[in-house]
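Remarks on the overall topology
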Amino acid sequence: MHDPLSPRWQFDALPLLGRCFTTYPQADLWERDTANLPAPLRKVRRRAREFAEQHIEPLSASMDLAPHLPPGQAHPEVLALLQRAGREGWLSYFLPAPIGSASWATLTQPLVWQCCLVVEEFSRACGGLMLLLSAHHLGTMPLLLSGDLGLIWRLLRPVYQACQAGDPHLMAFAITEPGAGSDAEDGHGAALYRPGVVAKPVDGGWLLSGRKCYISGGDLARSVTVFAALQGEGMASWTCFHVDTAQSGFKVARTELKMGMRASGAAELELTDVFVPHDRVVGGLRQGWALNRATLNASRMPVASMGVGFARAATEVAVAFARNYKLGGKPLIHYQEVQLQLAQMVAETRAIRSMVWQEARHAWRPRQLMASACKFHATDRAQNVCEMALDLLGDHGAAHEARIERILRDVRLTRIFEGTNQINRLSLIEDWQPQLLDAHHFAGV
Ligand SMILES: Cc1cc2nc3c(=O)[nH]c(=O)nc-3n(C[C@H](O)[C@H](O)[C@H](O)COP(=O)(O)OP(=O)(O)OC[C@H]3O[C@@H](n4cnc5c(N)ncnc54)[C@H](O)[C@@H]3O)c2cc1C
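Rules used in this analysis
Residues numbered from 1 in each chain as written. Predicted model: local features only at pLDDT ≥ 70, side-chain atom pairs only at ≥ 80, totals over all residues. Helix = DSSP H or I, 4+ residues; strand = E, 2+ residues; numbered from the N terminus. Rg over C-alpha atoms; globule rule 2.2 N^0.38 Å. Buried ≥ 20, exposed ≤ 12 C-beta atoms within 10 Å, placed from the backbone. Contact = placed C-beta atoms within 7 Å. Expected span 1.5 Å × (residues − 1). Axes fitted to C-alpha atoms, helices over the stretch in contact; angles between N-to-C directions. Left-handed = near helix turned anticlockwise from the far one by under 90°. Nonpolar A, V, L, I, M, F, W, Y, C, P; charged D, E, K, R; others polar. Core = buried A, V, L, I, M, F, W, Y, C linked by C-beta atoms within 7 Å. Near = placed C-beta within 6 Å. Domains from an automatic or database assignment. Pairing = 2+ DSSP bridges.

In terms of regular secondary structure, the chain is built from 14 helices and 10 strands. The C-alpha radius of gyration computed for the chain amounts to 23 Å, which stays within 12% of the reference 22 Å derived for 445 residues, consistent with globular compactness. Each of the three principal axes of the chain carries a C-alpha extent, and together these read 85 × 60 × 40 Å. Scored against the burial criterion, the 445 residues of the chain give a buried share of 46%. Within the chain, contacts between residues at least 6 apart in sequence are counted, and of these 75% link residues at least 24 apart.

Over its 15 residues, helix α6 (residues 111-125) extends 22 Å from the first C-alpha to the last, a length consistent with the 21 Å expected when each residue adds 1.5 Å. Of all the 15 residues making up α6, 15 are buried; the element is thus mostly covered by neighbouring parts of the structure.

This part takes up the packing of α6 against helix α10 (residues 288-324). For the pair α6 and α10, interaxial distance at closest approach is 7 Å and the crossing angle is 35°. Where α6 crosses over α10, the two elements pack in a sense that is right-handed. For the pair α6 and α10, the contacting residues are Val-112, Cys-115, Cys-116, Val-119, Glu-120, Glu-121, Phe-122, Ser-123 and Arg-124 in the first and Ala-298, Met-301, Pro-302, Ser-305, Met-306, Val-308, Gly-309, Phe-310, Arg-312 and Ala-313 in the second. A class-by-class count of the residues in the contact of α6 with α10 yields 12 nonpolar, three polar and four charged.

As a further point, take the nonpolar core. Among the nonpolar cores identified, the biggest contains 122 residues, and Leu-129, Leu-208, Phe-241, Ala-314, Val-356, Cys-386 and Ala-389 are the most heavily contacted of them. If near-sequence neighbours (up to four positions away) are discounted, Ala-314 is found in contact with Val-385, Cys-386, Ala-389, Ile-404 and Ile-407.

So, on to the site of the ligand. Around the ligand sit 26 residues, and of these Thr-176, Gly-181, Ser-182, Ser-216 and Thr-420 come closest. Mapped by element, the contributors of at least two residues to the shell around the ligand are β1 (171-174), α9 (187-192), β3 (205-216) and α14 (421-436). When grouped by side-chain class, the residues that make up the shell around the ligand number 13 nonpolar, nine polar and four charged. Looking at which domains feed residues into the shell around the ligand, each of domain 2 (172-289) and domain 3 (295-432) supplies at least three.

With that settled, the discussion passes to the domain arrangement of the chain. Each domain of the chain was delimited in the assignment, giving domain 1 (32-169), domain 2 (172-289) and domain 3 (295-432). Computed from C-alpha atoms alone, the centre-to-centre distance between domain 1 and domain 3 is 22 Å. Opposite the 19 residues of domain 1 that make contact, domain 3 presents 20 residues. Looking at the side of domain 1 that touches domain 3, the elements with two or more residues in it are α6 and α7 (127-146). For the side of domain 1 that touches domain 3, the element with the highest residue contribution is α6, accounting for 10 residues. Residues of the side of domain 1 that touches domain 3, tallied by class, amount to 12 nonpolar, three polar and four charged.

Below, the discussion takes up the pairing of strand β7 (residues 266-277). Two elements, β3 and β7, share nine bridges in a ladder whose sense is antiparallel. Across the sheet, Trp-206 pairs through a bridge with Val-276, a residue of β7. Where strand β6 (residues 250-255) meets β7, five bridges bridge the pair, whose relative direction is antiparallel. Bridge assignment links Thr-255 to a residue of β7, and that residue is Ala-267.

Here it is in structure tokens:
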């Protein structure tokens, strides 16, 4: 028996022209707006979703509980996933042949947008494995942004070839030091900070010494883009070096047992006179600060997409629970308070996805202000959605197998890395500053 006031049946009864302007779609909540993506991105997103559902999601619970391994060791399932991801192009989807697996058609759209779509699907499946795969791309980013085609060809082609051959060459990105997290991300702190990793000039290149910490994937990486100051100079001399981790003097001191995203190692790197030849200086001497900021502008929107992926996963867990769990003899979903909560979660998740996609679709040259706004707003809201899901599940949410406590531990980390959300708020202001402090700019407002 149809409810006579249901919009679905009402819409169907409208004359043909009226029906052109109304709809009551039955499609998946998260799939509908993907139909409006440009065709090459639709394809990438669909492939990413399939890969995530078939190969990432099945490992997510076991990899969260798996024992914390010493540096350099990895669980066989993780190695198998990396091999598959390498062969299927998920470690090289940024670059076109012959140095990557991207189709030329996808390059008609901003790279950041493509990355956001993939990261959302992978995060929905598993935060730790998503970070493991994403950290590799972060490591390659300074090379790409250096714009040095010779360097890109020389250093990234072997990476791609190894990945294609099922012998993944992972990269990592190293800016954070034991005494500097925010200082490596924010101009105010950086101006006062004395860098801990220093490059000393020698015949044919540089010797790097010092420590980097919390480097995602640094335990498995074969090369790392390491940011170091030149000997006797400060942060303004920061330079990016492409470090081969097989060089003598390079050591992974330890990996952190961290609250979430456990399938990805957070490594402390110890460098003792590690030799880097001149031709592995990325983007030129003293260009490190600019390369770092450009990398963060490109990577903060995908971090925002991690939030979208986690919020989606949390909403899905909550809906499944509300449909199956009975209270007072009827499924939870029939209670209006529960419906109100689910409606809020859906609206929040769609709002942050809209924000990220709206910015990413124009992000040929990602702007600091919007990259930071997307990062802090989407991850703050996403955590809120995950907490609403936990509320809805009650004590069931505390159980590991319900997934929501793991999603909550994972989403919390997105508010810390790539600059804490406080630092991202300051980055927004820094970018806006010329107008904000201009006495005439707001005069007419
Ligand atoms: C899971 C994970 C993965 C990571 N992966 C990487 C990686 O791959 N590569 C890498 O280089 N780093 C990585 N990091 C490090 C990360 O980028 C830093 O943790 C982050 O930048 C914050 O730095 P911090 O933890 O040292 O905090 P701190 O800089 O010590 O800040 C401590 C507190 O002070 C606040 N604060 C600092 N300065 C200001 C200010 N001026 N005004 C107001 N508040 C301020 C901060 O917001 C924070 O609340 C990772 C971290 C985590 C947790």
